[in-house]
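So you can see what is in the structure, the chains are spelled out below.
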Amino acid sequence: MSSTPSLEDVAAIMAADSEQSLLDRVCKSATALGFDHFMLGIEVSRPLLKPMQHVSSGYPLAWRRIYAEKEYAWKDPTVSHCKTQATPLLWSEAMYPAQSRDLWEDARAHGIGFGMSIPVHDFAGGKSMFSLARDQPIEQDTRVLEHVRACAQVLASCAHFVMNRLIVPGLLSKVDPKLTARERECLAWTAKGKTAAEVGMILQISEATAVFHLNNMVRKFNVANKTQAIAVGVAMGLVN
């Protein structure tokens, strides 16, 4: 059914310098494992911030459109599994309850009926899933399954690392409040416990100017006070 992606293929994935090059290189390895399609998804969670997701899909365009239009992500058992579990999931008809039968049937109609999903969770709160799919059942020989699972886990870990490098900075930039350099300085000193008057003295500005920058910071973070702003700043990595 499958061969083993070479070390050169794995190294190429790790060296990907764009989302498209990552997709192209993962596609090569997925094909070597005997699968027609694949999907990469990553979710970034930070305290006080809404989780952010990004999907890089090698699935057919028609299936991606139906999946989005019918909001299948809410009932997709592979998504819920990868968010809460760290073990690989081999797809089966049994994992689709009655309320998800339409998803199962639509997926099979688009050649996405059989496959496996590999979750990866990191210590920074990031979660990703790597799904491999095909239109024919996967051979049930234990040695074949273990081979595919082991290769898929390596690819999933590599893809997770690369998506953290290529994709996550862009996700975080979308919620970056775009503080000015002076606002960042005020935030940093306030986080160290300095009052507005002390911040003014350190930065050689008036207390009123320091308060002005702090108020702007609170407004940009959309929080109630500077204490909450500090908490959000820490969550976003703006404060050491």
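For the structure itself, look to the data block above.
The following paragraphs examine the structure supplied in this document. (Residues numbered from 1 in each chain as written. Predicted model: local features only at pLDDT ≥ 70, side-chain atom pairs only at ≥ 80, totals over all residues. Heavy atoms only, no water.)

## Considering the environment of Ala159
For Ala159, the location among the structural elements is in helix H6 (residues 142-166). Taking the relative accessible area as the measure of exposure, Ala159 reaches 1% and is therefore buried. C-alpha of Ala159 to C-alpha of Asn216: the two residues are 57 residues apart in sequence and 38 Å apart in space. When neighbours within four sequence positions are excluded, Ala159 is seen to be in contact with Ile13 and Leu40. (Helix = DSSP H or I, 4+ residues; strand = E, 2+ residues; numbered from the N terminus. Buried < 20%, exposed > 50% of the residue type's maximum accessible area, 1.4 Å probe, protein only. Contact = heavy atoms within 4.5 Å.)

## Points about the pattern of salt bridges
Inspection of the entire model under this criterion finds 9 salt bridges. With a closest N to O distance of 3.2 Å, Asp9 and Lys28 form a salt bridge. In this pair, Asp9 sits in helix H1 (residues 7-14) while Lys28 sits in helix H2 (residues 19-32), placing the two residues 19 residues apart along the sequence. The class of Asp9 is buried, set by a relative accessible area of 12%. We note a salt bridge from Lys220 to Glu183, for which the minimum N-O separation is 2.9 Å. (Salt bridge = Lys/Arg side-chain N within 4 Å of Asp/Glu carboxyl O.)

## Remarks on the packing of helix H8 (residues 181-191) against helix H10 (residues 207-221)
Where H8 contacts H10, the two axes come as close as 9 Å, and the packing angle between them is 95°. Between H8 and H10, the angle falls in the class roughly perpendicular. On H10, the residues touching Arg182, Glu183, Cys186, Leu187 and Thr190 of H8 are Ala210, His213, Leu214, Asn216, Met217, Lys220 and Phe221. Grouping the constituent residues of the contact of H8 with H10 by class yields 6 nonpolar, 3 polar and 3 charged. (Axes fitted to C-alpha atoms, helices over the stretch in contact; angles between N-to-C directions. Parallel < 35°, antiparallel > 145°, perpendicular 65-115°, else oblique. Nonpolar A, V, L, I, M, F, W, Y, C, P; charged D, E, K, R; others polar.)

## Examining the sheet that holds strand E1 (residues 37-44)
Across the sheet, which stays open at both edges, the 5 strands sit in the order E2-E1-E5-E4-E3 with antiparallel pairing between neighbours. In this open sheet, the two edge strands, each paired with only one partner strand, are strand E2 (52-57) and strand E3 (89-90). Taken strand by strand, H6 contacts E1, E3, strand E4 (114-121) and strand E5 (126-134), and its axis lies near 45° from that of E4. (Pairing = 2+ DSSP bridges.)

## Description of helix H9 (residues 196-203)
One turn of an α-helix holds 3.6 residues; hence residues three or four places apart share an orientation. Where H9 is concerned, the buried positions are Ala196, Val199, Gly200 and Leu203. All buried residues of H9 fall inside an arc of 100° around its axis, so they share one side. Buried residues belonging to H9 abut H8 and H10. Note on H9: the residue one or two positions beyond its end, Gln204, has a positive phi of about 60°. (Arc of directions from axis to C-beta.)

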